Amino acid sequence: MRQKIWSHLPTFAPQVPAPQAAAADGLSIATVRGWRLREPSSGRRYTVLRLTTRGGLVGYGEGAPATAADIAEAKAAALGRRPNETEFIRHRLAATPAMEAAVNCAFLDLQGKRTKTPVYQFLGGPTRFKARVLAHLEGQSEDALAAPLQQAVRQGFKAFTVPIPGRDSLWRMQAYVDAVRARVARVRSLVGVDPVGVNLAGADMDFVLDAAGTLTPGDAALLATALEKNRLMWFDEPTSVLTNDGLARIAEESVMPIGLGRSVTDIATFQNLLRWGSIDLLRPSLGLNSISKIKRMAAIAETHYVAVAPYHDGGPIATAAGIHLAASLPNFFIQQIPFPTAERDRAMRAELTSGNQETAKDGFAPLRNLPGFGIEVDERALDRYSEETV
Amino acid sequence: MRRREMLGALAAAGALRGSPAGALRGSPVRKSGIGCGCAFEPAAAIPPGSDVFKDVGSKLRITDMKVFGVTLDEKIARADRPYVFVKLETNQGVVGWGEATLEGKAGAAMACVNDLRDFIVGSDPMQSEHLYQLMYIGSFYRGGPVLGSAISGIDQAIWDIRGKVFGMPVYELLGGPVDPRGVRGYYHAAAWTLEEARALRDRTRQAGVTALKFQLPDLLEWVETGRKLTRAVKHMEMLREGLGPDIDFAVDFHARPSPTVAAIILREIEPFHLFFAEEICPPENMRAMQRAARKSTTPLATGERLIAAYGFNDLIDLGIVDVLQPDIAHVGGITALWKVAAAADAAGIRMAPHACEGPVGGIASLHVDAAIPNFLAQEICGLVEAGEMNRVWEDLMGFSAMRMVGGQYPLPTKPGLGFEVSEAALKKYPFQGTRPFPPAFHEDGSLASL
């Protein structure tokens, strides 16, 4: 993933000069260990780092899938640093965004544990007492979506993603639009919501139409306009063509809110999308962007009255971190949480951490007023599900 | 006649009061060799009692400035907005009244009026434009709402004096009246069921009122759930059905939605043909508002939180809205409201001045309304039926201020702003301190834009 995203970009030298490594005190990082994890059924991958200070404090951080070389790079960056040096890390690991995210996450965990406060206090204090959550369902057909959707409802979720069907060139446009409409109507009816979304009765379940970047801007504009009165919460990643012209087409033709950014890793890309009015919801991925970086993105979005809903396709540590971030952002809207269909995957996520927060109450996840991210990581479980440990 | 004496060559030196203590004096003095402006003494003693206008100005001088905080009972008016009235007294006995009420910031507005004292006391009130420049430009940091409101109160009082000196209503000084029948207005209203809307329609027609303004049913986040979007649209659909076709109704979005959410609602309410949709999103980022505005055929209005004519530049030049709503108690008084109106008129934009404070600002606004060809309607925070608040206003002003007759506010006919505030009545409603604008919160405890 790193190569795909970064191969076309030049690598900049860190803009922040490397500070002198702190004198070897109790807070400096003494060891870094990384686990490359894989869920047994879905094959979803993510990376967990454990950072230990000389004084014996342990912090965990999660990032997107990474190579052993990436983990070695993270180790080189973090060793001897103190957990307050998140700005140094942001620049030092700019070329390995997954590792920047993981080290930052572990630094914040250490800061919270060191001060015996929840990380959201460290990030500016809570702006809300619970965070709205979005279940990201697996399954590419209505039938495959039905069981996980109903399970997610039972676990307290009230917002869900619905993938659009993939379109090949033989699929006539009208038939395709009808098929997308039918899918939306079907999933709505599965949870007892009016299929076209015009009646208030039972209308407290919400859906996000997920295109996963598969459409051209033209097709995306057509689909957005066709479904703009269907009360979808937003249209997510309609296209991967993030050009001003392409996105302007979607934004000008419809009032459908557009969420973008799951593969974006630099702040200025979001600034550009905001400047051009192309984006209604920032969707930086928790696996590819540190909490500190997403806070910067959110600060820029705030002046455009645009909300932030972090994308998340990783594991439960980042989910917990995401809730702390959500608590601190005034323009937070919803946190995506992967909702695996397979029991084995669900079991793995539950084993990795105690205090797993991947359920909801009335559509929201509560904040946990505990030091750090408020979870305990089980290292035996990390070892159990690890493809490689570095 | 007396006003001629005031303006004419009345040579009595006594009419020219000297500068009060603390007024700016002296010529430029360079304190150090470093070219930083901070090292200079103020350049010149411009106005208060300054001599530079002695051959061209009047003999009229402002001799005192008084600020009144007026708190009404919480059951009558919201506690966050005690009225702030300004009274200017002159060496010729003429007095002027203005209003500097600022919701949630009464203490700051009163203090800021007093901060401007050295600019005003000792000055010639006939120089309304010069004094406006002095208060706005001369304050260096230009205007935010506190300074804007303070300038507004003083500026209105200055115009009141000017009108009285010339012996004509202020709207005549401004080139009006454009429509001698009066000034069209609208009241606030609420109806949550079809039956309530129909009953409201009947009462509104009976009163001869032609336009009303409503709120949205919910607080809104920057992305919204289906339930709240549906409630917003259905609410407006119900209002149109209940009010019928011949009552104009506006809906105040009150900056609750983002451009994202506003665009969705605006697209769906087109068939209900609103009078206008107001403050469809927050006020700071004009280009963000433009995103939603491009999607709307409903006339859009905004402007109550903007200060001075400068605050309206982007709205006008980018063609974002159809109606501007400066508030005469915040924008910078009669001087600033008229300037905004002039720029809007040239661009084909109409004016529906905001007013949600006391009766003094409301009446001052009527004078500008009466003199601008691009006027649409005047707001007042009152209901179709007069209530307790209106009785207090009658007590303060000596007549039923800001009540429409046949859908229009009658034009004042006396010189100046056309009223005297009873200081004896003011004493009945002493200032009870500042209360903040009451905040509102979403379901998860996060702050909402109210």
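A quick note: this is a predicted structure, and the numbers were derived from the prediction, not measured.

What counts and what doesn't
Residues numbered from 1 in each chain as written. Chains lettered and ligands numbered in written order. Predicted model: local features only at pLDDT ≥ 70, side-chain atom pairs only at ≥ 80, totals over all residues. Heavy atoms only, no water. Helix = DSSP H or I, 4+ residues; strand = E, 2+ residues; numbered from the N terminus. Buried < 20%, exposed > 50% of the residue type's maximum accessible area, 1.4 Å probe, protein only. Phe/Tyr/Trp six-rings, centres within 6.5 Å; stacked < 30°, edge-to-face > 60°. Lys NZ or Arg CZ within 6 Å of the ring centre and 35° of its normal. Pairing = 2+ DSSP bridges. Axes fitted to C-alpha atoms, helices over the stretch in contact; angles between N-to-C directions. Contact = heavy atoms within 4.5 Å. Parallel < 35°, antiparallel > 145°, perpendicular 65-115°, else oblique. Left-handed = near helix turned anticlockwise from the far one by under 90°. Core = buried A, V, L, I, M, F, W, Y, C linked by side-chain atoms within 4.5 Å.

Novice: Can you walk me through unusual backbone geometry in this structure?
Specialist: Outside of glycine, negative phi angles account for most residues, and trans bonds account for most peptide bonds. Residues and elements named next belong to chain B. A cis geometry characterises the amide bond from glycine 176 onward to proline 177, with omega recorded as 5°. With respect to the helices, strands and loops of the structure, proline 177 is situated in the loop between helix H6 (170–173) and strand S4 (183–188). Of note in this structure, histidine 273 is not a glycine but carries a positive phi near 50°. Positionally, histidine 273 belongs in the loop between helix H9 (259–269) and strand S7 (277–278). Unusually for a residue other than glycine, alanine 308 sits at a positive phi of about 65°. Note on placement: alanine 308 falls in the loop between strand S8 (300–302) and helix H11 (313–317). The exposure class assigned to alanine 308 is buried, which follows from its relative accessible area of 0%.

Novice: Can you help me understand the packing of aromatic side chains in this one?
Specialist: Within a pair of aromatic rings, the relevant descriptors are the distance that separates the centres and the angle that separates the planes. Inspection of the entire model under this criterion finds 14 aromatic pairs over all chains. On the basis of an interplanar angle of 25° and a centroid distance of 5.7 Å, the ring pair of tyrosine 83 of chain B and phenylalanine 85 of chain B is categorised as stacked. The same class applies to tyrosine 83 of chain B as to phenylalanine 85 of chain B, namely buried. With 6.4 Å between their ring centres and 70° between their planes, tyrosine 83 of chain B and tryptophan 393 of chain B make a pair best called edge-to-face. Here tyrosine 83 of chain B is found in strand S2 (residues 83–90), whereas its partner tryptophan 393 of chain B is found in helix H14 (residues 388–397), with 310 residues between them in sequence. A single burial state applies to tyrosine 83 of chain B and to tryptophan 393 of chain B, both of which are buried. Each residue in the set Tyr83, Phe85 and Trp393 of chain B is aromatic and connected to the rest through ring pairs, giving one cluster. Over the ring of phenylalanine 88 of chain A we find arginine 81 of chain A, and its NZ or CZ is 4.0 Å from the ring centre. Geometry around tryptophan 159 of chain B places arginine 162 of chain B over its ring, the cationic atom sitting 4.5 Å from the centre.

Novice: Could you clarify how one ought to interpret the sheet that holds strand S3 (residues 95–99) of chain B in this entry?
Specialist: In a beta sheet, neighbouring strands are held together by backbone hydrogen bonds and run either parallel or antiparallel to one another. Residues and elements named next belong to chain B. An order of S1-S2-S3 is seen for the three strands of this open sheet, with the pairing classed as antiparallel. Each edge of the open sheet carries a strand with a single partner, namely strand S1 (62–70) and S3. Each strand axis lies, on average, 20° off the axis of its neighbour in the sheet, ignoring direction. Of the pairings in the sheet, the one linking S1 to S2 comprises eight bridges and is antiparallel in character. Paired with aspartate 64 across the strands is glutamate 89, a residue of S2. Most of the contacts of helix H2 (residues 106–115) go to S1, to which it runs at about 175°, and overall it touches S1 and S2.

Novice: Is there a simple way to explain the packing of helix H8 (residues 217–226) of chain A against helix H9 (residues 244–253) of chain A in this structure?
Specialist: Each pair of packed helices gets described by two things: the angle between the helix axes and the distance between those axes. Residue and element names in this part refer to chain A. Put simply, H8 and H9 touch, their axes get as near as 9 Å, and they point 15° apart. Here H8 lies roughly parallel to H9, going by the angle between them. The handedness of the crossing between H8 and H9 is right-handed. Of H9, the residues touching H8 (which contributes Pro217, Gly218, Ala220, Ala221, Ala224 and Thr225) are Gly246, Arg249, Ile250 and Glu253.

Novice: Before we go on, may I ask you to explain the nonpolar core in this structure?
Specialist: In summary, soluble globular proteins display a tendency toward joint burial of nonpolar side chains. In terms of nonpolar packing, the biggest core is built from 130 residues, with Leu88, Ile154, Leu212, Phe253, Ile280 and Leu324 of chain B touching the most fellow members. With nine residues, helix H5 (residues 145–166) of chain B is the single largest residue contributor to this core. Those residues in contact with phenylalanine 253 of chain B, other than ones at most four positions away along the chain, are Leu216, Met236, Ile265, Leu266, Ile269, Ala277, Glu278, Glu279 and Ile280 of chain B. Ranked by size, the runner-up nonpolar core spans 83 residues in total, among them Tyr176, Phe235, Ile250 and Phe373 of chain A.

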